[in-house]
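Here is what each chain is made of, one letter per residue.
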Amino acid sequence: MKNTQTTVLAGGVLALLVGATLFTGCMDTGDGPTQPPEAQQSISVTGSTTVLPVAQLTADLFMDTHPKTEVRVSGGGSSVGIQAVGSGTAEIGMASRDLKSSEKTRFPDLVRHVVALDGIALIVHPSNTVGALTTAEVKAIYKGETTNWKEVGGPDETIVVVGRDSASGTREFFHDLVMEKEDFVATQLEKNSNGAIQQTVAQTPGAIGYVGLGYLDDSVKAVNIEVSGTQIEPSVATVTSGQYPIARSLTMFTNGEPTGLVQEYLDFILSPDGQMIVEEEGFVPVQ
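First, a word on what this report is: a plain description of the structure on this page.

Parameters at a glance
- Residues numbered from 1 in each chain as written.
- Predicted model: local features only at pLDDT ≥ 70, side-chain atom pairs only at ≥ 80, totals over all residues.
- Heavy atoms only, no water.
- Helix = DSSP H or I, 4+ residues; strand = E, 2+ residues; numbered from the N terminus.
- Buried < 20%, exposed > 50% of the residue type's maximum accessible area, 1.4 Å probe, protein only.
- Contact = heavy atoms within 4.5 Å.
- Areas by Shrake-Rupley, 256 points an atom, 1.4 Å probe, with all protein chains shown as cover.
- Pairing = 2+ DSSP bridges.
- Salt bridge = Lys/Arg side-chain N within 4 Å of Asp/Glu carboxyl O.
- Phe/Tyr/Trp six-rings, centres within 6.5 Å; stacked < 30°, edge-to-face > 60°.
- Core = buried A, V, L, I, M, F, W, Y, C linked by side-chain atoms within 4.5 Å.

Bringing the overall build of the protein chain into the picture now. Tallying secondary structure elements over the protein chain gives 10 helices and 11 strands in all. Expressed as a percentage of the 287 residues in the protein chain, the buried residues total 46%. If you take every contact in the protein chain between residues at least 6 apart in sequence, the share linking residues at least 24 apart comes to 72%. With an accessible surface of roughly 14,100 Å², the protein chain has 53% of that area assigned to carbon and sulfur atoms.

Quick look at the structure:
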């Protein structure tokens, strides 16, 4: 009786071992060894809404040519991106401004990768007759010192000031370069994306806003910036030449030097295919 129980137990153990072997794919089934499925790699990219279109389009193309990979892209603003990559909740943080001193102190290992150049364009409603402004006039409008378009050569119409919210890298850049760190007018309408500013200005005859070059289209009118009596159009050509005065770098930050899939994705953005997308989106390639 005891021998019978032992035989049954041994048979059960053998069956479990055979089953486990088949499950892990290590048994030769007659068609050669079955390999376990390749694990999918994924990374998260988040931050600046200015960089977002380039990141999304390059991610889509990258995934088409790199099976078993996933690049998840989301917005939220430059501050959100820097916080995410610094705290480890994202592999790449997108930003349209440089790091603040407080961010450098908090996240000392962040590495900056410039993927494109961009100009900040001042936009108004297409019906507005104003064609050019100096940076001093723009500053006066955003401080609330100039409140009617007729004060800068336009129609007798109240100016509606539209800007970005506090999470925006575009706002930080504009605040530093144009406002010289002085306060915006309290009545400024704050929007959370370039697209929201573009839409508001397109629907509001008295409005003025600022967006990246990639957001210029026929729904709004771009205002030239006057420098020493010369009007400079916001364009890829004037940003590339250094003539346009309100220009910046678009960047992606990693926490330390990139490796693996993060390095492959960044290399792809800087490749001819990636930089072609940069140009098609209205930004200036860096390669």
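Moving on to the pairing of strand β4 (residues 110–124). Of all 15 residues that make up β4, 12 are buried, and the element is covered over most of its length. Two strands pair when backbone bridges link them, and β4 and strand β8 (residues 207–212) are joined in this way by five bridges, in the antiparallel orientation. Residue pairing for β8: Val 124 is matched across the bridge by Ile 208.

This next bit is on the pattern of salt bridges. Pairs can form between side chains of opposite charge whenever their charged atoms are close. Tallied over the full model, the rule gives 12 salt bridges. Asp 118 is the salt-bridge partner of Arg 248, the closest N and O atoms lying 3.0 Å from each other. Here Arg 248, found in strand β11 (residues 247–255), pairs with Asp 118, found in strand β4; they are 130 residues apart in sequence, far enough to count as distant. We note that Arg 248, like Asp 118, is buried.

What follows is about the side chain of His 175. Within the fold, His 175 resides in helix α6 (residues 169–177). Beyond its immediate chain neighbours, meaning those up to four positions away, His 175 contacts Glu 180, Lys 181, Glu 182 and Phe 184.

Attention shifts here to the packing of aromatic side chains. Under the defined criterion, the tally for this structure stands at seven aromatic pairs. Centre to centre, the rings of Phe 62 and Tyr 265 are 5.7 Å apart; their planes meet at 75 degrees, and the pair counts as edge-to-face. You can see Phe 62 sitting in helix α2 (residues 52–65) and its partner Tyr 265 sitting in helix α9 (residues 260–269), a full 203 residues away along the chain. Residue classification places Phe 62 among the buried residues on the basis of a relative accessible area of 0%. Relative accessible area serves as the criterion here: at 0%, Tyr 265 is assigned to the buried category. Put simply, the rings of Tyr 142, Phe 174, Phe 184 and Tyr 210 pair up and form one aromatic cluster.

Moving on to the nonpolar core. A general tendency of soluble globular proteins is for nonpolar side chains to be buried together. Counting 29 residues, the largest nonpolar core has Leu 122, Leu 133, Tyr 142, Trp 149, Phe 174 and Ile 208 as the members making the most contacts within it. The set of elements that each furnish at least two residues to this core consists of β4, α5 (135–143), α6, β8 and β9 (221–227). A total of four residues in this core trace back to one element, the largest contributor, which is β4. Excluding its chain neighbours within four sequence positions, the residues that come into contact with Phe 174 are Ile 120, Leu 122, Val 138, Tyr 142, Met 179, Phe 184 and Tyr 210. Val 73, Ile 92, Met 94 and Leu 250 belong to the second largest nonpolar core, which has 23 residues in total.

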